[in-house]
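# Results of the structural survey
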Amino acid sequence: MRDGMGAIYPRLWRYSVALTGRRDWGDDLAQTTCLRALDKADQFEVGTHLDRWMFRMCQRVWLNELRSRKMRTGGGLMPVEEIDLADNSPGTEVNILARQVLSHVNALPEAQRQSVLLVYVEGFSYKEAAEIMEIPVGTVMSRLAGARKKLNTIMADPEGGQQ
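Residues numbered from 1 in each chain as written. Predicted model: local features only at pLDDT ≥ 70, side-chain atom pairs only at ≥ 80, totals over all residues. Heavy atoms only, no water.

### A short note on the side chain of Ser16
Applied cut-off: Helix and strand assignments come from DSSP, with helices taken as H or I runs of at least 4 residues and strands as E runs of at least 2, each series counted from the N terminus. Any two residues having at least one pair of non-hydrogen atoms within 4.5 Å are treated as being in contact.
Structurally, Ser16 can be placed in helix α1 (residues 2–20). Apart from the residues within four sequence positions on either side, Ser16 is in contact with Gly26, Leu29, Ala30 and Cys58.

### Quick word on the packing of helix α5 (residues 110–121) against helix α7 (residues 137–156)
For the record, the criterion: Each axis is a line fitted through C-alpha atoms, and for a helix only the stretch in contact is used; angles between axes span 0 to 180 degrees, taken between their N-to-C directions. When an angle is under 35 degrees it counts as roughly parallel; over 145 it counts as roughly antiparallel; between 65 and 115 it counts as roughly perpendicular; any other value is oblique. Side-chain classes follow a simple rule in which Ala, Val, Leu, Ile, Met, Phe, Trp, Tyr, Cys and Pro form the nonpolar group, Asp, Glu, Lys and Arg form the charged group, and the remainder, Gly included, forms the polar group.
Relative orientation of the contacting elements α5 and α7 amounts to 100 degrees, with a least axis distance of 9 Å. Between α5 and α7, the interaxial angle falls into the category roughly perpendicular. On α7, the residues touching Ala111, Gln112, Ser115, Val116, Val119 and Tyr120 of α5 are Val140, Arg143, Leu144, Gly146, Ala147 and Arg148. Of the residues that constitute the contact of α5 with α7, the class distribution is seven nonpolar, three polar and two charged.

### Some thoughts on the packing of aromatic side chains
Note the following rule: Note on aromatic pairs: the rings of Phe, Tyr and Trp (six-membered ring only in Trp) are paired at centre separations within 6.5 Å, and the planes decide the class, stacked below 30 degrees, edge-to-face beyond 60, tilted for the rest. We call a residue buried when its accessible area falls under 20% of the maximum for its residue type, exposed when it is over 50%, and partly exposed in between, using a 1.4 Å probe and counting protein chains only. Whether a charge sits over a ring depends on NZ of Lys or CZ of Arg being within 6 Å of the ring centre and within 35 degrees of the ring normal.
On inspection of all chains with the given rule, the structure shows four aromatic pairs. Consider the rings of Tyr15 and Phe55, whose centres lie 5.0 Å apart with planes at 35 degrees: the pair is tilted. With Tyr15 in helix α1 and Phe55 in helix α3 (residues 50–69), this pair connects stretches of sequence that are 40 residues apart. Phe55 matches Tyr15 in its accessibility class, with the two residues each being buried. Site record: aromatic cluster; members linked through ring pairs are Tyr15, Phe55 and Phe124. Just above the ring of Trp25 sits the side chain of Arg22; from NZ or CZ to the centre is 4.4 Å.

Structure, rendered in structure tokens:
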């Protein structure tokens, strides 16, 4: 299991940073998730997907943190401009568009944001995302449809959805 965690960690870290909206919180969340996974290693079923198990654990740890802070529906997020994102040297226009999209994704309600991150960023199927979030597949599909509609409206509006 430890070998598999090393391979999954970059994706888990990226998901944690995107989920929390802050690099320092994402670091803490990813590390906490790994520690929890090591503590609960006896509960992992060999032959199942370690990444799904750890992403579900990460989501639970984050939700518990949100509950303890009494922060719901996107509260406490930083503007995307303040997040230290790695630059792999794509063009300036790509960076600007990516920051705009990430900023709009971070503004989505928590449930929609998690669904978008798991399916569109991490590449999980609807079924896998539903298993991670412990919700029906139809709920994932509904959240994604709502997120797409909202993002399309915002991106199509020259004012960026501001009124």
